[in-house]
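Structural overview
Residues per chain, in single letters:
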Amino acid sequence: MDSSTGRFDGAYGYSDQPKMLSLTGGMQSRFTGVDLDERDEKDQVTGHFTLSFFHPRPDWESQENYQKENKDTCSFLTGSWRSSSGSKPLKVLLQEVGNTVPENDREREINEDTAYKLRKAMLDNDRSAFASLLQYPFHSESDRQKISIWKSPEDVIKNYDRIVLFSYKQIRASVPHALQTSEAGSQFMNRSIYLARGKVTRICAEACPAIP
């Protein structure tokens, strides 16, 4: 948000599409939410978001606890998305989960491109494409926390089933956009995959342990 103009700029993407869509818009009257236009790479408006600063109470949460715990509604945006063709609107619920640092944007973009290709390779069971995205020597960790080191794409292709231990459902649900990124690289699939400079450096059956 540009505080001097009230203008919003952003972007979002779909898990099965490599490109991002840009978002532009402004604050609603009385600062109750935001209205955003979605644009494609040709700068054509393809959709519209109408969102309010509001966190609806989950079914499992009591009214008393909800009122006590959810005072910071600016961390939530609730509303709808409608395509430019006027199709039936879709419900939207967004929650803030972290902040990005502009200095890491280039690293994040490179790693997100790799994460998208990696996700596609795993969904297609394309072992050659998968192996081409790794940094060698490559480290993997099994569900029993056994660490293996692979020195070549040929080793990875041959031992693919020992390295990729995620279910199809887990891979399908992964989001290769807006990856948490630092100077050391990016995290993908709930810290099960680490990337740096456009290459995958580690894969773990569960969240990888922190590197000292």
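Remember, predicted model here, so these are calculated numbers, not experimental data.

The rules we used
Residues numbered from 1 in each chain as written. Predicted model: local features only at pLDDT ≥ 70, side-chain atom pairs only at ≥ 80, totals over all residues. Heavy atoms only, no water. Buried < 20%, exposed > 50% of the residue type's maximum accessible area, 1.4 Å probe, protein only. Helix = DSSP H or I, 4+ residues; strand = E, 2+ residues; numbered from the N terminus. Pairing = 2+ DSSP bridges. Axes fitted to C-alpha atoms, helices over the stretch in contact; angles between N-to-C directions. Expected span 1.5 Å × (residues − 1). Polar contact = N/O pair within 3.5 Å; in protein donor to acceptor, adjacent residues only side chain to side chain.

**Points about the pairing of strand 11 (residues 193–196)**
Side chains of strand 11 alternate between two faces, with I193 and L195 and Y194 and A196 buried alike. Pairing geometry for strand 11 and strand 12 (residues 199–204), over 4 bridges, is antiparallel. Paired with A196 across the strands is K199, a residue of strand 12. Joining the antiparallel neighbours strand 11 and strand 12 is a turn of 2 residues, in which R197 adopts a positive phi near 50 degrees.

**Details of the sheet that holds strand 2 (residues 20–27)**
As summarised here, the arrangement of the 6 strands in space is 1-2-3-4-5-6, forming an open sheet in which the pairing is antiparallel. Where the open sheet ends on each side, the last strands, each with one partner, are strand 1 (7–13) and strand 6 (90–95). Strand-to-strand twist across the sheet, computed as the mean angle between neighbouring axes with direction ignored, equals 25 degrees. Across 7 bridges, strand 3 (residues 33–39) lies against strand 4 (residues 45–52) in antiparallel orientation. Bridge assignment links D35 to a residue of strand 4, and that residue is T50.

**Things to note about helix 2 (residues 105–124)**
End to end, helix 2 covers 29 Å across 20 residues, agreeing with the expected 28 Å (1.5 Å per residue, within 8%). Residues E107, R108, N111, E112, T114, A115, Y116, L118, R119, A121, M122 and L123 constitute the buried set of helix 2.

**Quick notes on the environment of K117**
Assignment of secondary structure puts K117 in helix 2. Taking the C-alpha atoms as reference points, K117 and A129, separated by 12 residues in sequence, lie 8.1 Å from one another. One polar contact links K117 to D113, side chain to side chain, over a distance of 3.2 Å.

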